[in-house]
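# Structural overview
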Amino acid sequence: MRAAFLYISVIFLVIGCSSSQKTVSVEQKQKVETIVTNKSFKIDSEWAYPMVTNSLISLQSAGFFPNNSTASMIDITGHNQYFIFNKDSVNASLPYYGERQMGAAYDRSNGGGIEFNGVPEDYTMDITKRGDYRIKFKIKDKNALTETYRVSVLIYNNMSAKINVFSSNRFKIEYRGKLKELDTKDI
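Computed from a predicted model, the values in this text were never measured in an experiment. (Residues numbered from 1 in each chain as written. Predicted model: local features only at pLDDT ≥ 70, side-chain atom pairs only at ≥ 80, totals over all residues. Heavy atoms only, no water.)

## Overview of the environment of glutamate 147
Which entries qualify depends on this criterion: In this description a helix means any DSSP run of H or I spanning at least four residues, a strand means any run of E spanning at least two, and both kinds are numbered starting from the N terminus. Between buried and exposed lies partly exposed: a residue is buried under 20% and exposed over 50% of the maximum accessible area for its type, with that area taken using a 1.4 Å probe on protein chains only. Here, two residues are considered to be in contact whenever any of their heavy atoms come within 4.5 Å of each other.
Following the sequence through the fold, glutamate 147 ends up in the loop between strand E7 (133-140) and strand E8 (148-155). A relative accessible area of 1% means that glutamate 147 is categorised as buried. Residues in contact with glutamate 147, not counting those within four places in the same chain, are Arg100, Lys140, Asp141, Ser167, Ser168, Asn169 and Arg170.

What follows is the structure, given as structure tokens:
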């Protein structure tokens, strides 16, 4: 009896997990491929995922985060943020939540966010086993010449995207949002 229950449970688990995968149409895969290979896209980030520290937990307890946000997941839809890839240059202005690793002061002109604008170094793009696109590059901060970012962008075939930013001076942060075609007004 116990073995039969275990066998049936495993069958339901396998069926449940396999049916939860979303299928993406061929047209959508081709659209993502065109956007990414042309290097002409933007990512509208909706959520920031900072590295959780005691300081962020204290800020959460004090009520410093927007509604529906926690120390590990912050809603950034109301921010004037952007991540634009246009041919050979990358422009970004993303809010930063987290801690610095070095004693240098934040540049107050951008509110302490992550900003870069220029041609990335060590650019690579590859396709994952699942058929998604991974872009990696290094770039210097727009305002603080001593800060460098290693950026990893994962673009899924369902038009969602994940941006990981590793800083030379701050803890890592991740952003998640939607991939969009670049309009002429975004350039």
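Structure shown, so let's carry the discussion forward.
## Considerations on the pattern of salt bridges
Worth spelling out the cut-off: Counted as salt bridges are all cases of a side-chain nitrogen of Lys or Arg within 4 Å of a carboxyl oxygen of Asp or Glu.
Taken as a whole and assessed by the stated rule, the structure comprises seven salt bridges. We note a salt bridge from lysine 39 to aspartate 88, for which the minimum N-O separation is 3.9 Å. Note that lysine 39 is positioned in the loop between helix H2 (26-37) and strand E1 (40-50) and aspartate 88 in the loop between strand E3 (82-86) and strand E4 (89-94), a separation of 49 residues in sequence. With a shortest N-O distance of 2.8 Å, arginine 170 and glutamate 147 are connected by a salt bridge. Of the two residues, arginine 170 is situated in the loop between strand E9 (160-167) and strand E10 (173-181) and glutamate 147 in the loop between E7 and E8; the sequence distance between them amounts to 23 residues. Bridged by salt links that share partners, the residues Lys172, Glu174 and Arg176 form one connected network.

## A look at the pairing of strand E5 (residues 114-118)
Put simply, the rule reads: Two strands are said to pair when DSSP picks up at least two bridges between them.
For E5, the buried fraction is high: four of the five residues fall into the buried class. As paired strands, E4 and E5 are joined by five bridges and run antiparallel to one another. Counterpart to valine 90 in the pairing with E5 is glycine 118.

## Observations regarding H2
The criterion, for reference: Each residue after the first adds 1.5 Å to the expected span of a helix. To be clear, the arc concerns the directions from the helix axis to the C-beta atoms.
Under the 1.5 Å per step criterion, the end-to-end length of H2 is 16 Å for twelve residues, consistent within 8% with the ideal 16 Å. Of all the positions in H2, only Val32, Ile35 and Val36 are classed as buried. The buried side chains of H2 occupy one side of the element, clustering within an arc of 95° when seen end-on. What points out from H2, more than 90 degrees from its buried face, is the exposed set Val26 and Glu27. Lining the buried residues of H2 we find E1, strand E6 (121-127), E7, E8 and E10. Positive phi appears at lysine 39, one or two residues downstream of H2, with a value of about 55°.

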